[in-house]
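Fold and contact review
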Amino acid sequence: MKKIYLDYAATTPVKANVLEKMMPFFTDKFANPSSIHSFGEEAVFALDDSRKAVAQFLNSHQREVVFTASATEANNMAVLGASNNGHIITSSFEHEAVLGPCKTHTDVTYLPVYKEGVVKVEDVLKEIKENTTLISIMYVNSEIGTIQPIKEIGEALEEVNKNRKNKILFHTDAVQAANYLSCDVNNLKVDLLTLSGHKIYGPKGVGVLYVREGSKISQILYGAHQERGHRPGTENIPAIVGMGEAIRSIDVNDSKKTKTMRDKVIDGITSSISGAALNGSRENRIANNINITFTGVEGESMLIALNEEGIAVSTGSACASNSLSPSHVLLSLGLSHRAAHGSLRITLGSMTTEKEIDELLTKLPPIVERLREISGR
Amino acid sequence: MKSYYSKEAVQRFMHPKFFGEMKDADAVGVVGNERCGDEMEIYIKVDNGKIINASFRTLGCAAAIATSDVVCEMVIGKNIKDAVELTEKEMVEKLEYLPNTKVHCASLALNGLRAAVENYEK
Ligand SMILES: Cc1ncc(COP(=O)(O)O)c(C=O)c1O
Ligand code: FES
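Residues numbered from 1 in each chain as written. Chains lettered and ligands numbered in written order. Predicted model: local features only at pLDDT ≥ 70, side-chain atom pairs only at ≥ 80, totals over all residues. Heavy atoms only, no water.

Take the site of ligand 1 next. Residues and elements named next belong to chain A. Taken together, 13 residues sit near ligand 1, with Thr72, Asp173, Ser196, His198 and Lys199 positioned nearest. Within the side chain of Asp173, a nitrogen or oxygen atom sits 2.6 Å from a nitrogen atom of ligand 1. Applying the majority rule of atoms within 2 Å of the grid points places ligand 1 in the largest pocket. Among the residues making up the shell around ligand 1, the classes are represented as three nonpolar, eight polar and two charged. (Near = heavy atom within 4 Å. Polar contact = N/O pair within 3.5 Å; in protein donor to acceptor, adjacent residues only side chain to side chain. 1 Å grid on protein atoms, 1.4 Å probe; cavity = no way out; pocket = protein on both sides within 12 Å on 5 of 7 lines; lining within 4 Å. Sits in = over half its atoms within 2 Å of the grid points. Nonpolar A, V, L, I, M, F, W, Y, C, P; charged D, E, K, R; others polar.)

And the structure:
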C-alpha cells in the first residue's frame, strides 16, 4: 500500500536540492564560523549566503536576520525580548510558542478571533494602552489555516506609533505562511517575524527571527557573540544552509495548484458527508489547509481508521492530545468541546497529487459512516 | 519498538462485534468522560442473574471503541456478580497493551458496564 501524507502543517520533508546543499557541511566543510582559519572562512561564507537568501525573501537587510534553533525559540525571543515588562496584545489562538512566553507575563490581552478565526484590526487598536510594548499576531493559524490581516495591522500601528514616545513593536509568527504568502517585512510593516525550517521543506531544528534595525529587544540567552548576541551558541551550519536553500526553493506557483486541490477536498467532503462543516474562514484561508468538524464522530478514531488506509492526517480532538484537552484553537472559534472532538485537519503540500486527494475522498465517507453507526449519533 | 496501538486494539476498533443499540436490553449504563468528551452506552440483557447479551454505543477514540467491544465480549456468559469484578488490567491484557494515556478509556467502558448492572439491580 502506498502511503499518503496529508499532514504538511506538522512538518515537511527536506527537498532533494536542499539536502544536497547541506551534506558537505556535515563532513568536509564542518568548521566553526568563529574560527579565523581557512576552514572557518568556508563556514562564514555559507552562513552569509543563507542570510542573504532569507533577507531577499523578507526584503530586509542581512543584518536583520537572526538564525535560531527553531521557530519556538524565535517566538520566545520575540515575546520575552520585546515585551520589556509592558503590556502585550496577542490573539487567543497563537501557537504555544507565543502563548507560553505570554503566560509568564501578567499584563496580556488575548484578542478574540470570532467564528471565522480572524483577528479584527479595530480590536487590536482598541486594546492599545499607554504601556503597550508588543503586539504579536500570527500570519496564518497552524490548525485552521486562517490568514490574519497583518499588513492592515502593521499600517494602522504605524499611524499609532507616530504619536507615541515608546513605540510598540509588531511581531508575526509567519511559520505557516511562508510557503504561500509574501513575507515582505516592509510591505507587512512588521518589526519581528518568525520562520521555521521544517515547514518549508528544510531541516528541523532551525528557525529565523527577523529583527528590524533599531528595534530594542533584550537578550534571553547569554553566551558568546553569535548572531550579534541575539542567539549565542555555535551556528548549526548544515541546518542554516538548508534553511537558505529551502527559502530559495519556495515556488509561488505552488499556491494556485494547492488551492485548487484544497477546494476540491473541502467541496468533496462537505457534499458527500452530512454533518461536515469547515472550521474557520474559507475566503481568508491558506492554500493548503482543510479543517472540518464531523458530527457524531470523534477525531482520533477517524485518524486511526484513515491511518489503516495509509492516509496520515491530524485532529484537534482531546482524545489525541496527551493533556486530554481539546485544541485551544478550535475552542477559540467558539466551538463546543463536542465539535472540537469531531475535527480533522488535512494539510496539503508540494508532493500532494490529485490521485492522493481522490483516494482520501473515496476512503473518508465510509469511515465516517461506520463510526457513526458505532456511536449511534 | 511498539506501535501506538497494538494489532489487537486496531483489529477490535476496525471490526468490533458488539456495537449497536439493544432494543430489548434489560438495562443500560450511560457514561461520559468529562475530560476528553466521550460518550458511551453499555447495554445488557440478563437471564437468571447471568448476562446473556451485551452491546455498546461509543462516541470516542479508537481505544474507547476497542475497550467497549472487549467489555461486552468478556461479560457475556458471566454472572452479573462476577461481571462487575472485571478489571481494567484484564481488559488491557486482552488488547495486548494500551498507550498510558488511553487506560482511562478502558475505565470508562468498565464504568459503563457497572452502571448498567447498577441500573439492572435497581
Ligand atoms: C505557527 C507555528 N509557530 C511555531 C511553530 C514551532 O516551530 P518549531 O517546530 O520550528 O519550533 C509551529 C510548528 O509547530 C507553528 O505551526
Ligand atoms: S475516548 Fe477520549 S481518549 Fe479515549
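We now examine the pairing of strand β2 (residues 65–68) of chain A. Residues and elements named next belong to chain A. Burial along β2 is two-sided: the residues Val65 and Phe67 and Val66 and Thr68 are all buried. Judged from the four bridges that link them, β2 and strand β8 (residues 207–211) form a sheet pairing that is antiparallel. Residue Thr68 lies in a different strand from β8, and its bridge partner there is Gly207. (Buried < 20%, exposed > 50% of the residue type's maximum accessible area, 1.4 Å probe, protein only. Helix = DSSP H or I, 4+ residues; strand = E, 2+ residues; numbered from the N terminus. Pairing = 2+ DSSP bridges.)

All names here are of chain A. Evaluated as defined, the whole model comprises two cavities of 30 Å³ or more. Forming the walls of the largest cavity are Tyr8, Ala9, Val175, Gln176, Ala177, Asn179, Tyr180, Lys199, Tyr201, Asn288 and Leu348. Looking at the lining of the largest cavity, its residues break down into seven nonpolar, three polar and one charged. Both domains that meet at the lining of the largest cavity, namely domain 1 (4–12 + 252–375) and domain 2 (16–249), each give it at least three residues. (Points joined across faces, edges and corners; volume = space filled by probe spheres on them. Domains from an automatic or database assignment.)

This paragraph deals with helix α2 (residues 38–58) of chain A. Residue and element names in this part refer to chain A. Its 21 residues place the ends of α2 30 Å apart at the C-alpha level, agreeing with the 30 Å of an ideal helix rising 1.5 Å per residue. Among all positions in α2, only Gly40, Ala43, Ala46, Leu47, Ser50, Arg51, Ala53, Val54, Ala55, Phe57 and Leu58 are buried. Summarising the contacts, the buried residues of α2 are in contact with β2, α7 (185–188), β7 (192–196), β8 and α8 (237–248). A positive backbone phi angle near 55 degrees is found at Asn59, which sits one or two residues after α2. (Expected span 1.5 Å × (residues − 1). Contact = heavy atoms within 4.5 Å.)

It is worth spelling out the pairing of strand β2 (residues 39–47) of chain B at this point. Residue and element names in this part refer to chain B. Where strand β1 (residues 27–32) and β2 come together, six bridges link them in antiparallel fashion. Bridge pairing links Val28 to Tyr43 in β2. Where β2 and strand β3 (residues 50–59) come together, nine bridges link them in antiparallel fashion. Across the sheet, Glu41 pairs through a bridge with Arg57, a residue of β3.

All names here are of chain A. Sheet architecture is open: three strands sit in the order β9-β10-β12, paired in antiparallel fashion. Two strands bound the open sheet, and with one partner strand each, they are β9 (276–278) and β12 (343–347). Ignoring which end each strand starts from, the neighbouring axes of this sheet average 30 degrees apart. Where β9 lies against strand β10 (residues 289–294), three bridges are found, and the strand directions are antiparallel. Across the sheet, the residue bridging to Leu278 is Ile292, located in β10. On the sheet, helix α9 (residues 254–272) packs against β9, β10 and β12 and is oriented at approximately 10 degrees with respect to β10. Helix α10 (residues 299–308) rests against β10 and β12 of the sheet, and its axis sits at about 45 degrees to β12. (Axes fitted to C-alpha atoms, helices over the stretch in contact; angles between N-to-C directions.)

Here we take up the sheet that holds β2(A). All names here are of chain A. The strand order across the open sheet built from seven strands is β2-β8-β7-β6-β5-β3-β4, with neighbouring strands paired in mixed fashion. Of all the strands in the sheet, the pair left with one neighbour each is β2 and β4 (108–111). For this sheet, the mean inter-axis angle between neighbouring strands, taken without regard to orientation, is 20 degrees. Summarising the sheet, strand β3 (residues 87–91) and β4 pair through four bridges and their orientation is parallel.

Between α10(A) and helix α1 (residues 7–14) of chain B, whose axes approach to 11 Å, the crossing angle comes to 105 degrees. Our classification of the angle between α10(A) and α1(B) gives roughly perpendicular. Only Val10(B), Phe13(B) and Met14(B) of α1(B) make contact with α10(A), whose side of the interface consists of Ser301(A), Ile304(A), Ala305(A) and Glu308(A). By residue class, the composition of the contact of α10(A) with α1(B) is five nonpolar, one polar and one charged. (Parallel < 35°, antiparallel > 145°, perpendicular 65-115°, else oblique.)

This part covers the nonpolar core. Counting residues in each nonpolar core, the largest one holds 75 residues, and the members touching the most others are Ile269(A) and Phe294(A). In terms of residue count, the dominant contributor to this core is helix α2 (residues 62–75) of chain B (ten residues). Not counting residues up to four positions away in its chain, the partners in contact with Ile269(A) are Ala276(A), Ile292(A), Phe294(A), Ile346(A), Leu361(A) and Leu364(A). By size, the runner-up hydrophobic cluster in this structure holds 58 residues, among which are Leu47(A), Val119(A), Val206(A) and Val329(A). (Core = buried A, V, L, I, M, F, W, Y, C linked by side-chain atoms within 4.5 Å.)

Time to look at the interface of chain B and chain A. A common way to report how large an interface is uses the accessible area buried once the components associate. On the chain A side, the residues contacting the 24 residues of chain B number 22 residues. Between chain B and chain A, a total of about 2,000 Å² is buried, with carbon and sulfur atoms accounting for 59% of that surface. Where Lys102(B) meets Glu300(A), a salt bridge forms, and the shortest distance between an N and an O atom there is 3.1 Å. Between chain B and chain A we count eleven residue pairs in polar contact (both at pLDDT 80 or more) in total. Contributing elements (two or more residues each) for the side of chain B that touches chain A: α1, β2, β3 and α2 of chain B. When residues of the side of chain B that touches chain A are assigned to their parent elements, the largest contribution, four residues, is made by β3(B). Grouping the amino acids of the side of chain B that touches chain A by side-chain chemistry returns 13 nonpolar, five polar and six charged. (Buried area = accessible area lost by both parts, 1.4 Å probe. Salt bridge = Lys/Arg side-chain N within 4 Å of Asp/Glu carboxyl O.)

Turning our attention to the packing of aromatic side chains. Here the structure, examined in full by the defined rule, presents four aromatic pairs over all chains. Relative to Tyr8(A), the ring of Tyr5(A) has its centre 5.0 Å away and its plane inclined at 80 degrees; by these criteria the two rings are edge-to-face. Residue classification places Tyr5(A) among the partly exposed positions, given a relative accessible area of 28%. On the accessibility criterion, Tyr8(A) (7% relative accessible area) is buried. Here the aromatic rings of Tyr8(A) and Tyr201(A) are separated by 6.4 Å at their centres, their planes lie at 45 degrees, and the arrangement is tilted. Here Tyr8(A), found in the loop between β1 (4–5) and α1 (16–22), pairs with Tyr201(A), found in the loop between β7 and β8; they are 193 residues apart in sequence, far enough to count as distant. Here the two residues Tyr8(A) and Tyr201(A) agree in accessibility, since each one is buried. In textbook terms, an aromatic cluster arises when at least three aromatic residues are bridged by ring pairs, as seen for Tyr5(A), Tyr8(A) and Tyr201(A). The lysine or arginine in question, Lys120(A), covers the ring of Tyr114(A), its NZ or CZ lying 3.9 Å from the ring centre. The ring of Phe13(B) has Arg370(A) sitting right over it, with the charged end atom 5.2 Å from the ring centre. (Phe/Tyr/Trp six-rings, centres within 6.5 Å; stacked < 30°, edge-to-face > 60°. Lys NZ or Arg CZ within 6 Å of the ring centre and 35° of its normal.)

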